[in-house]
Amino acid sequence: MRMVRRVIALVVAVGVSVGTLGVGASVADKRDDEVARRDEAATKRQQLEAQLSGIDKELADVYLRLDDVRQEIPGARSDLEEAQSKYASAQREHELVTARLAVAEKDLENIKEQVQVADTESQKVSVAISGLARDVYRSGDASSPLLIAMTSQSTADITQRAATAQTMARTQSRAMETARTSLAIEKNRSARQTAVTERITRLKARAAASEAAALEWKQTASEKLTRLQNLEATETERAQAVEAIRGQAQTQMAEWTQVYDSARAEIARIDEENRRKQIQYQQSVSAPSGGSSGGSVSSVNNGKMFGYPLPSYYPVTSGFGYRYHPVLGARILHAGTDLGAPCGTPVLATANGVVTSANYHYSAGNYVSINYGLIGGTSYQARFLHLSAFNTYVGQSVSRGQVIGYVGTTGRSTGCHLHYEMHVNGQAVNALPYL
């Protein structure tokens, strides 16, 4: 979001009311004001174009991230639905196995009770039979089937008693066999039930593990979906914020474009008026027609159509073109050429002309603009910025080499220097070829 913050700062910076550098008292002064207005609009447009380029890139990046997130959300939602379904299935399976285990455990308890009862009954029968056998053996009790048959007094009695004895023996034998069979059945049932219970216990453990795994998967899928939804909301909000800043920048661009077009049209109108009136100044004029202030000093003889704006040559500290502005902290058009002269150095008119502006501006500081008129059908103007003071007035005619002010560091300036501009047909150009 650092780019967004920088753009907000820029929009606030360029959102100031559009004004001119001063109000002239003549057509030439009006033209110079329009040139200044046009150049200011051009600079602001350049700034906004650069920032809009950055905004568009950031907006594109935001929308790419947002698109990636939105493409992941359906898959994450599907994963969550699948995880929820598997978790519900695992829960049902766990509940079913738990219920079966409870039934098996209850049946096992019943079987244990039945086995215990059968065991007791079997033991009673065994004890009774064993006791009977011991008693018969020890005392020769006639209750034994064999003894009953042997002690009969007649043949008929013997036959009848033998049959009775056999019946008693069979009954005892069946009782014993029934008890043993019942005991075996119950023991077998108990063994099977124990095996079933153990198997269901294992199934329950496996079902519990499956439920836990399904729950973990569901939680993971839910967290992923929540994270993607939160990311979507964040990126959407960021896109809306960047879109809003972009809209503000576009509005400012439209406003400065309107100012730029209006200034260009006015400059063209003034130039056409100058041409119709054939306002031309001859370079050979040696003295101003009405000026009494401001003398002249010995200037550099460069043999060119325009003179040098200072009494001697000084180094170029910043040339014409786009650069990083040391005060504004942005890359903007530097419409002039900076000459590193000391404060107080006389500033000279570079040709014969009329002063169209002599004023102060928060950016240009003390400045002077001179209209050199049409020379060979081409319109020329010059501007001198950051002066410590100017030695002229609007409407004054000046000649080449005349002192119009002094080098300073007023306005947006970081040190003593002369900012010199040359405008050809209303367009700022590199002044060095003319000096």
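Everything below is about the structure printed above this text.
Presented here is a report on the structure given in the accompanying data block. (Residues numbered from 1 in each chain as written. Predicted model: local features only at pLDDT ≥ 70, side-chain atom pairs only at ≥ 80, totals over all residues. Heavy atoms only, no water.)

### Topic: the overall build of the protein chain
And then number 1: Across its full length, the protein chain holds four helices and 12 strands.
And then number 2: When each of the 435 residues of the protein chain is scored for burial, the buried share is 38%.
And then number 3: Within the protein chain, contacts between residues separated by at least 24 positions form 73% of all contacts whose residues are at least 6 apart in sequence.
And then number 4: In the structure as shown, the protein chain presents an accessible area of about 23300 Å², 53% of it carried by carbon and sulfur atoms. (Helix = DSSP H or I, 4+ residues; strand = E, 2+ residues; numbered from the N terminus. Buried < 20%, exposed > 50% of the residue type's maximum accessible area, 1.4 Å probe, protein only. Contact = heavy atoms within 4.5 Å. Areas by Shrake-Rupley, 256 points an atom, 1.4 Å probe, with all protein chains shown as cover.)

### Structural notes on the pattern of salt bridges
And then number 1: Per the counting criterion, the structure on display carries three salt bridges.
And then number 2: Arg70 serves as the salt-bridge partner of Glu232, at 3.2 Å between the closest nitrogen and oxygen. Here Glu232, found in helix H4 (residues 155–277), pairs with Arg70, found in helix H2 (residues 27–139); they are 162 residues apart in sequence, far enough to count as distant.
And then number 3: Of the residues examined, Arg70 reaches a relative accessible area of 41% and is grouped as partly exposed.
And then number 4: Between Arg383 and Glu421 there is a salt bridge; the shortest N-O distance is 3.3 Å. In this pair, Arg383 sits in strand E8 (residues 378–390) while Glu421 sits in strand E11 (residues 418–424), placing the two residues 38 residues apart along the sequence. (Salt bridge = Lys/Arg side-chain N within 4 Å of Asp/Glu carboxyl O.)

### Some points on the pairing of E11
And then number 1: Counting buried residues in E11 gives seven out of seven residues, a clear majority hidden from the surface.
And then number 2: Side chains Leu418, Tyr420, Met422 and Val424 of E11 all project onto a buried face; the interleaved residues His419, Glu421 and His423 project onto the opposite face, where all are buried too.
And then number 3: Bridge count between strand E4 (residues 337–339) and E11: three bridges; the pairing is antiparallel. Note that in E11 the partner of Asp338 across the bridge is His419.
And then number 4: Sheet analysis places E8 next to E11, joined by six bridges and oriented antiparallel. By the bridge assignment, Gln381 is partnered in E11 with His423.
And then number 5: Inspection of the sheet shows E11 paired to strand E12 (residues 427–429) by three bridges, in the antiparallel sense. Paired with His423 across the bridge in E12 is Ala428.
And then number 6: Linking E11 back to E12 in an antiparallel pair, the connection comprises two residues, with Asn425 at a positive phi of about 55°. (Pairing = 2+ DSSP bridges.)

### Looking at the pairing of E8
And then number 1: Buried residues dominate E8, accounting for 10 of its 13 residues.
And then number 2: Across eight bridges, strand E7 (residues 365–375) lies against E8 in antiparallel orientation. Its bridge partner being in E8, Gly373 is matched across the sheet by Tyr380.
And then number 3: Of the strand pairs in this sheet, E8 and strand E10 (residues 403–407) are connected by three bridges, and their pairing is antiparallel. Bridge pairing links Leu387 to Val407 in E10.

### Description of the packing of aromatic side chains
And then number 1: Evaluated as defined, the whole model comprises six aromatic pairs.
And then number 2: Look at Phe306 and Tyr434: their rings are 6.1 Å apart centre to centre, the planes differ by 70°, and that puts the pair in the edge-to-face class. One end of the pair, Phe306, is in the loop between H4 and strand E1 (316–318); the other, Tyr434, is in the segment after E12, and 128 residues separate them in sequence.
And then number 3: Among the residues examined, Phe306 registers a relative accessible area of 1% and is labelled buried.
And then number 4: When the ring of Phe384 is compared with that of Tyr420, the centres are 5.2 Å apart and the planes differ by 55°; the resulting orientation is tilted. Of the two residues, Phe384 sits in strand E8 while Tyr420 sits in strand E11, which places them 36 residues apart along the sequence.
And then number 5: The exposure class of Tyr420 is buried, given its relative accessible area of 0%.
And then number 6: An aromatic cluster is defined as three or more aromatic residues linked by ring pairs; in this entry it consists of Phe306, Tyr372, Tyr380 and Tyr434. (Phe/Tyr/Trp six-rings, centres within 6.5 Å; stacked < 30°, edge-to-face > 60°.)

### Examining the environment of Pro311
And then number 1: Tracing the sequence through the fold places Pro311 in the loop between H4 and E1.
And then number 2: When its relative accessible area of 25% is taken as the criterion, Pro311 is described as partly exposed.

### Comments concerning unusual backbone geometry
And then number 1: One non-glycine residue with positive phi stands out, namely His386, at about 65°.
And then number 2: Within the secondary structure, His386 sits in strand E8.
And then number 3: The phi dihedral of Asn425 is positive, around 55°, even though this residue is not glycine.
And then number 4: Checked against the element boundaries, Asn425 lands in the loop between E11 and E12.
And then number 5: On the basis of relative accessible area, Asn425 is assigned to the partly exposed category, the value being 39%.

### Some points on the environment of Gly75
And then number 1: Here Gly75 lies in helix H2.
And then number 2: For the pair formed by Gly75 and Leu225, sequence separation is 150 residues and the distance between their alpha carbons is 9.0 Å.

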